[in-house]
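# Chains, contacts and geometry: an overview
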Amino acid sequence: MGNIFASTILRDVRNPVLNLFTWATTWSAIYKILAKLSSGSISCKSDTIVAAANYFVRHTSLPSLPHSMMVSAMSLLLVFRTNSAYQRFVEGRKIWNDIVDTSRDFSRYLKLYEFAIGTSKVRRINALLASFPYLLRHRIRPSLISMRRVNDPEYERDPENSLLLYPDASLRDTDPDVAALAYDGEEAGQPSRRMKRELCWVDKRTLPWKLLPGSALELCARAQNRPLWVCDRMAKELSMVDDVLPRWTNRERLALIGCVDKLSRSIGACERIHQTVVPLNYARHALRSLTVWLWTLPFVMAKDLGLLTGPVVAVLSWILFGVYEIGSRIEDPFQGTLRLSIYCDAIRRDVLADSIARDTAFELEEESKISVNEEGDEDAIFELDSESEEYGGDDIPVKKKKNDSFLERLGL
């Protein structure tokens, strides 16, 4: 409770909470004054004012039954919205966990079949793999990437270390401009072109641009869907590897390309959450219903709580508006609820940064082998005889002697 005033939820809902607190406090003070005039606690010479106060008190005090009946409906609205938003949050977390697992498996397969793929090609694919999560994060959360407009006078561009590109933001189904462009294309009978974008530049010495190898940097920057371009390039690199029988065949090649397919499907899964929002009509109806219920609550509570109506309504509004705000935040978990930078750094570290330490796991030491001349002596140590032979009586001393002589030759 000590850091409640530093809560981001409270900061976001403080304006409606303060408005409701002001309204409830003002109304409770007015109601208390009118109630005293009506009861004669405050003397007034004008009978008209006393009659008006009496009428006002009797007709502005609402019974608690309507608000009690609305509580169930309000609970259903808030719970449904919060649950649907939380399901999207859980799905987004699973998608990125799958990306991490697939990237680790993919890098392991590359190392296992490095003898066929080639060291240089494995390094190129690993660099593309390490850049994939960063490019996907920039696509579903474009505000993270530090792009500068080419004609921006506030920032001076270094031609040697800068990279020209267009913004690669995933479109949303709630964008009216995109919808209008698509509709015009359907009416004209031609596929709609992408909306005109402003040319920008980034510092190619920063992540993820410095991870892209060689000419892939310029080619990837021109793509409209950069994480998809990375998947296509990795699949092409693998498809060009020749067979090395019997350890590298189409089966191993398809297994690695299957990892690329999983990464490609994760792009569509992230775009599904990012592009598709909870129906706007439902969100608006829930918020309007909540607002009406809270703004009319002082009419019910003023006669019983008096001046405490303001603080009570403020606490209730903070709780209910806070629940609604939490649902709005986790509705798109990629906009800050999930720490995508942690996932991206984990993949880059496992694929590139810790590659030297990981390579030691693929270097098997030479195991010392003991040469055994007599096959019968080896069988006496490493193979079990049947129960009838082991306890046969006469055969026991013979086998024990053979075991002892074999152990003596081993120096044991």
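Reference entry: report on the structure contained in this document. Please read all numbers here as calculations on a predicted model, not as lab measurements.

## Some details on the overall build of the protein chain
Counting its secondary structure elements, the protein chain contains 17 helices and three strands. Here the protein chain, with 412 residues, has 35% of them falling under the buried criterion. Taking all contacts inside the protein chain whose residues are at least 6 apart in sequence as the whole, residues at least 24 apart take part in 80%. A total accessible area of about 25500 Å² is found for the protein chain, and carbon and sulfur atoms account for 55% of it.

## Topic: the environment of serine 328
Here serine 328 shows up in helix 12 (residues 309-329). Distance from serine 328 to alanine 283, taken between C-alpha atoms, is 8.9 Å for residues 45 residues apart in sequence. At 2.8 Å, the side chain of serine 328 forms a polar contact with the side chain of arginine 81.

## Thoughts on the packing of aromatic side chains
Under the criterion given, the structure shown has 11 aromatic pairs. On the numbers, 6.1 Å between centres and 50° between planes, the contact of tryptophan 27 with tyrosine 31 is tilted. Taken together, the positions of tryptophan 27 and tyrosine 31, both in helix 1 (residues 8-39) and four residues apart, correspond to about one turn of that helix. Per residue, the accessibility class of tryptophan 27 equals that of tyrosine 31, and both read buried. Of the aromatic side chains, those joined through ring pairs into one cluster are Trp23, Trp27, Tyr31, Phe56, Trp295 and Phe299. A cation over a ring is seen here: arginine 81 above tyrosine 324, with NZ or CZ 4.7 Å from the ring centre. Taking the ring centre of tyrosine 155 as reference, the NZ or CZ of arginine 148 above it sits at 4.0 Å.

## Let's talk about the nonpolar core
The biggest cluster of nonpolar side chains holds 59 residues, and the ones touching the most others in it are Trp96, Phe106, Trp209, Met234 and Leu238. The biggest single contributor to this core is helix 5 (residues 119-140), with 10 residues. Excluding residues within four positions of it along the chain, methionine 234 makes contact with Phe106, Ile125, Leu128, Leu129, Val260 and Leu263. Core analysis: the next-biggest nonpolar cluster, separate from the first, contains 20 residues, Met74, Ala286, Leu294 and Tyr324 among them.

## Details of a nonpolar patch on the surface
Where nonpolar side chains cluster on the molecular surface, the patch consists of Val150, Leu164, Tyr166 and Leu199 and spans about 290 Å² of accessible area. Its place among the elements puts leucine 164 in strand 2 (residues 162-165). Looking at leucine 164, the relative accessible area reads 39%, which means it is partly exposed.

## Some details on helix 13 (residues 340-353)
Its 14 residues give helix 13 an end-to-end C-alpha distance of 18 Å, which sits within 8% of 20 Å, the value for a rise of 1.5 Å per residue. Every buried residue of helix 13 is listed here: Leu340, Tyr343, Cys344, Ala346, Ile347, Asp350 and Val351. Viewed end-on, helix 13 has its buried residues packed into an arc of 160°, placing them on one side of the element. In helix 13, the exposed positions that point more than 90 degrees away from the buried face belong to Ile342 and Ala353. Summarising the contacts, the buried residues of helix 13 are in contact with helix 3 (65-112), helix 5 and helix 14 (355-359).

## Considering the environment of isoleucine 347
Summarising the element assignment, isoleucine 347 is placed in helix 13. Distance from isoleucine 347 to serine 107, taken between C-alpha atoms, is 9.9 Å for residues 240 residues apart in sequence. When near neighbours in sequence (up to four residues on either side) are disregarded, isoleucine 347 contacts Ile99, Val100, Ser103, Leu129 and Pro133.

## Here we look at the pairing of strand 3 (residues 200-203)
Note that strand 1 (residues 148-149) and strand 3 share two bridges and pair antiparallel. When the bridges of strand 3 are listed, arginine 148 appears paired with tryptophan 201. Sheet analysis places strand 2 next to strand 3, joined by four bridges and oriented antiparallel. Residue pairing in the sheet places leucine 163 in a bridge with valine 202 of strand 3.

## Focus: helix 2 (residues 47-60)
Spanning 14 residues, helix 2 covers 20 Å between terminal C-alpha atoms, matching the ideal 20 Å at 1.5 Å per step. All of the buried residues in helix 2 are Ala53, Val57 and Thr60. The buried residues of helix 2 occupy one face: seen down the axis, they fall within an arc of 90°. Those residues of helix 2 that are exposed and angled more than 90 degrees off the buried face are Asp47, Thr48 and Arg58. Buried residues along helix 2 sit in contact with helix 1 and helix 11 (297-305).

Rules and cut-offs
- Residues numbered from 1 in each chain as written.
- Predicted model: local features only at pLDDT ≥ 70, side-chain atom pairs only at ≥ 80, totals over all residues.
- Heavy atoms only, no water.
- Helix = DSSP H or I, 4+ residues; strand = E, 2+ residues; numbered from the N terminus.
- Buried < 20%, exposed > 50% of the residue type's maximum accessible area, 1.4 Å probe, protein only.
- Contact = heavy atoms within 4.5 Å.
- Areas by Shrake-Rupley, 256 points an atom, 1.4 Å probe, with all protein chains shown as cover.
- Polar contact = N/O pair within 3.5 Å; in protein donor to acceptor, adjacent residues only side chain to side chain.
- Phe/Tyr/Trp six-rings, centres within 6.5 Å; stacked < 30°, edge-to-face > 60°.
- Lys NZ or Arg CZ within 6 Å of the ring centre and 35° of its normal.
- Core = buried A, V, L, I, M, F, W, Y, C linked by side-chain atoms within 4.5 Å.
- Patch = residues over 30% accessible without salt bridge, like charges linked within 9 Å, V, L, I, M, F, W, Y side chains within 5 Å.
- Salt bridge = Lys/Arg side-chain N within 4 Å of Asp/Glu carboxyl O.
- Expected span 1.5 Å × (residues − 1).
- Arc of directions from axis to C-beta.
- Pairing = 2+ DSSP bridges.

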